[in-house]
Amino acid sequence: MGPRCWETAFFRSVTRVEGLSWLEEQEEGVRLKLPARIPLLLIRQVVAFFQDVYRRHQAEAVVLLYYIADAQRYDLVVPEQEASPLRCWYQIGPTPPGWQRVGTIHSHGKLPAFHSGADVEDEEHDDGIHVTVGNLDFVPSLSCDVVVDGRRFDIAPMDLDDGAETVEKNRRGCVIWAASMGHASPVSGRSIELSATR
């Protein structure tokens with residue numbers, strides 16, 4: 001087994017490659033190198049959107065996270081989806097010109113944030129950042145992984161955002177916000193248009 005080193009605009013990784021015994025062993029890992037931190041306001045807006053979906057439909061939801069290099073900003077797309085209280089089915093669709101898909105953010109309703117077996121299966125061949133938001137009926141929690149070559153690497157939510165707000169860990173190790181999450185406004189077009197309030 002030898003290493004496969006891979007570098008994108010968002011992370012640098014080393015993963016094992018089976019069947020290449022002549023390559024030197026190296027520890028697997030991933031290091032984030034985001035061109036810009038994800039604005040915490042954007043994350044709060046996604047959480048507010050998920051809370052609204054949960055309040056109205058008692059269902060999970062998903063958004064796709066993109067980076068637009070020319071504008072040096074992140075954007076969100078709500079894909080067509082069918083959802084239930086315990087699962088969300090969606091189609092990613094084509095990436096808009098000039099955009100790069102960074103990953104996904106999805107909700108687990110009132111369950112804690114974790115990556116379920118279905119999440120792991122869905123994301124196995126979807127390299128990028130994958131965030132699960134849970135506890136939408138109380139204080140939201142986050143669980144974040146980076147997936148590369150089918151391998152999952154746990155990352156701290158604080159490594160993703162711009163650090164504009166205090167976070168802490170609950171007894172399960174999930175990250176929670178110490179402040180309120182805000183309110184969602186209507187979704188229009190391809191991108192989420194949300195406003196968050198303190």
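See above for the structure.
It should be emphasised that the depicted structure is a prediction, and the values quoted were computed from it without experimental measurement.

All right, on to the environment of glutamate 27 then. Tracing the backbone through its elements, the reader meets glutamate 27 in the loop between strand 2 (11–17) and strand 3 (29–32). For glutamate 27, a relative accessible area of 72% corresponds to the exposed category. Residues glutamate 27 and threonine 15, twelve residues apart in the sequence, show an inter-C-alpha distance of 7.7 Å.

With that settled, consider the packing of aromatic side chains. Enumeration according to the criterion identifies three aromatic pairs in this entry. Ring geometry for phenylalanine 49 and phenylalanine 50: centres 6.0 Å apart, planes at 45°, overall tilted. Since its relative accessible area comes to 9%, phenylalanine 49 is described here as buried. On the accessibility criterion, phenylalanine 50 (0% relative accessible area) is buried.

Glancing now at the pairing of strand 9 (residues 128–134). Of all seven residues making up strand 9, seven are buried, and the element is well covered by its neighbours. Handedness of the crossover is the feature at issue here: the chain leaves strand 8 (residues 99–107), passes through helix 2 (residues 117–123), returns alongside strand 9, and the resulting connection is right-handed. Summarising the sheet, strand 9 and strand 10 (residues 141–148) pair through seven bridges and their orientation is antiparallel. In the sheet register, glycine 128 faces strand 10, and the bridge partner there is valine 147. Counting the residues between successive antiparallel strands, the hairpin from strand 9 to strand 10 contains six residues, one of them, asparagine 135, with a positive phi of roughly 55°.

Turning our attention to the pairing of strand 4 (residues 62–68). Within strand 4, seven of the seven residues are buried, leaving the element largely enclosed by the surrounding structure. Because side chains alternate across strand 4, one face comprises the buried residues Val62, Leu64, Tyr66 and Ile68, and the other comprises Val63, Leu65 and Tyr67, equally buried. Taken together, the seven bridges between strand 4 and strand 8 define a ladder with antiparallel strand orientation. Considered in strand 8, the bridge of leucine 64 is made with threonine 104. The pairing of strand 4 with strand 5 (residues 73–77) spans five bridges and is classified as antiparallel. Across the sheet, the residue bridging to tyrosine 66 is aspartate 75, located in strand 5. Once strand 4 ends, the chain turns through four residues before running back antiparallel as strand 5, passing glutamine 72 with a positive phi of about 50°.

Parameters and conventions
- Residues numbered from 1 in each chain as written.
- Predicted model: local features only at pLDDT ≥ 70, side-chain atom pairs only at ≥ 80, totals over all residues.
- Heavy atoms only, no water.
- Helix = DSSP H or I, 4+ residues; strand = E, 2+ residues; numbered from the N terminus.
- Buried < 20%, exposed > 50% of the residue type's maximum accessible area, 1.4 Å probe, protein only.
- Phe/Tyr/Trp six-rings, centres within 6.5 Å; stacked < 30°, edge-to-face > 60°.
- Right-handed = clockwise from strand over helix to strand, strands pointing away.
- Pairing = 2+ DSSP bridges.

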